[in-house]
Amino acid sequence: TERTFIAVKPDGVQRALFPEVLRRFSQKGFKLVGIKLTFAKEELLREHYSDLQSKPFFPSLLSYMMSGPVLATVWEGKDVVKQGRALLGATNPLQSAPGTIRGDFALDMGRNIIHGSDSVESAEKEIALWFKKDELVSYKSEMYGWIYE
Ligand code: GTP
Ligand code: MG
């Protein structure tokens with residue numbers, strides 16, 4: 001089954017938006033298979049955002065992501081990478097539709113409260129980067145029969 005990496009950024013944790021994020025992903029039908037509250041190390045973030053290294057906002061992105069604890073989560077389910085991005089909304093809050101997490105709770109690109117993997121490949125890379133294998137759990141969800149045809 002497909003998995004994705006979703007992280008509530010330090011502003012989302014401080015603003016107590018993480019229960020809302022957990023609620024939206026759970027109620028959509030996804031299964032939580034990993035969760036931890038952690039301070040991201042600079043080395044990890046450089047790897048996580050390696051494709052953005054040359055951007056002018058990269059230093060401020062790093063300090064933003066290290067400004068407080070991050071709630072790192074892994075979710076499992078059908079098309080969870082694409083569905084997850086849809087739940088998040090566009091990167092720029094000006095373009096993220098009401099009803100999405102960023103559309104409902106964010107105003108600034110540099111304070112957009114949540115991260116989601118943008119492809120199955122980056123999801124695999126990010127999950128391996130943020131979690132050890134034994135930190136992910138495998139279990140049968142009792143909701144599945146009511147969510148999947
Ligand atoms: P993530 O889910 O966090 O990876 O966001 P994304 O995939 O929607 O966007 P992208 O990977 O391109 O950028 C990563 C993060 O860098 C964004 O979520 C923003 O927090 C930040 N960012 C991206 N572009 C800008 C920008 O132009 N200015 C600022 N200040 N921050 C930006
Ligand atoms: Mg991204």
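Residues numbered from 1 in each chain as written. Chains lettered and ligands numbered in written order. Predicted model: local features only at pLDDT ≥ 70, side-chain atom pairs only at ≥ 80, totals over all residues. Heavy atoms only, no water.

(A) Layout of the overall build of the protein. Along its length, the protein carries 8 helices and 4 strands. Relative to the globule expectation of 15 Å for 149 residues, the C-alpha radius of gyration of the protein, 15 Å, shows essentially globular dimensions. Referenced to the eigenvectors of the C-alpha coordinate spread, the extents of the protein come out at roughly 45 × 35 × 25 Å. A fraction of 80% describes how many contacts in the protein between residues 6 or more apart in sequence connect residues 24 or more apart. When the accessible surface of the protein is summed, it comes to about 8,500 Å², and 55% of that surface belongs to carbon and sulfur atoms. (Helix = DSSP H or I, 4+ residues; strand = E, 2+ residues; numbered from the N terminus. Rg over C-alpha atoms; globule rule 2.2 N^0.38 Å. Contact = heavy atoms within 4.5 Å. Areas by Shrake-Rupley, 256 points an atom, 1.4 Å probe, with all protein chains shown as cover.)

(B) Representation of the site of ligand 1 in the model. The local shell around ligand 1 consists of Lys9, Tyr49, Leu52, Phe57, Leu61, Arg85, Thr91, Arg102, Met109, Asn112, His115 and Gly116. Arg102 is positioned with one of its side-chain polar atoms (N or O) 3.3 Å from an oxygen atom of ligand 1. A distance of 3.0 Å separates an oxygen atom of ligand 1 from a polar atom in the backbone of Met109. Coverage of ligand 1 by the protein chains reaches 78% of its 590 Å² of free accessible surface. When its residues are assigned to classes, the shell around ligand 1 shows 5 nonpolar, 4 polar and 3 charged. (Near = heavy atom within 4 Å. Polar contact = N/O pair within 3.5 Å; in protein donor to acceptor, adjacent residues only side chain to side chain. Nonpolar A, V, L, I, M, F, W, Y, C, P; charged D, E, K, R; others polar.)

(C) Representation of helix 7 (residues 120-130) in the model. Taken residue by residue, helix 7 has Ser122, Ala123, Glu126, Ile127 and Trp130 as its buried positions. Seen end-on, helix 7 carries its buried residues on one side only, within an arc spanning 135°. Away from the buried face of helix 7 by more than 90 degrees, exposed residues Glu121, Glu124 and Ala128 are located. Taken together, the buried residues of helix 7 touch strand 1 (3-8), strand 2 (31-38), helix 3 (42-48), strand 3 (70-76), helix 5 (80-88) and strand 4 (114-116). (Buried < 20%, exposed > 50% of the residue type's maximum accessible area, 1.4 Å probe, protein only. Arc of directions from axis to C-beta.)

(D) Local environment of the pairing of strand 1. Burial analysis of strand 1 places 5 of its 6 residues in the buried class, which makes it a mostly covered element. The pairing of strand 1 with strand 4 spans 3 bridges and is classified as antiparallel. Bridging across to strand 4, Val8 finds its partner in Ile114. (Pairing = 2+ DSSP bridges.)

(E) Representation of a nonpolar patch on the surface within the structure. A grouping of Met143, Trp146 and Ile147 is seen on the molecular surface, where their side chains present a nonpolar patch of about 380 Å² in accessible area. For Met143, the position within the fold is in the loop between helix 7 and helix 8 (144-147). Note on Met143: relative accessible area 36%, which makes it partly exposed. (Patch = residues over 30% accessible without salt bridge, like charges linked within 9 Å, V, L, I, M, F, W, Y side chains within 5 Å. Salt bridge = Lys/Arg side-chain N within 4 Å of Asp/Glu carboxyl O.)

(F) Main features of the sheet that holds strand 3. If you walk across this open sheet you meet the 4 strands as 2-3-1-4, and the pairing is antiparallel. This sheet does not close on itself; its edge strands, each paired only once, are strand 2 and strand 4. Averaged over all neighbouring strand pairs, the angle between strand axes comes to 15°, with direction disregarded. (Axes fitted to C-alpha atoms, helices over the stretch in contact; angles between N-to-C directions.)

(G) View of the UniProt feature "domain: Nucleoside diphosphate kinase-like" (unreviewed entry) in the protein. Following the UniProt record, one finds the feature "domain: Nucleoside diphosphate kinase-like" (unreviewed entry) at residues 1-138. End-to-end, the C-alpha atoms of residues 1-138 are 11 Å apart, and along that stretch the chain is 41% helix and 17% strand. (UniProt positions renumbered as here; feature names shortened; annotations may be inferred.)

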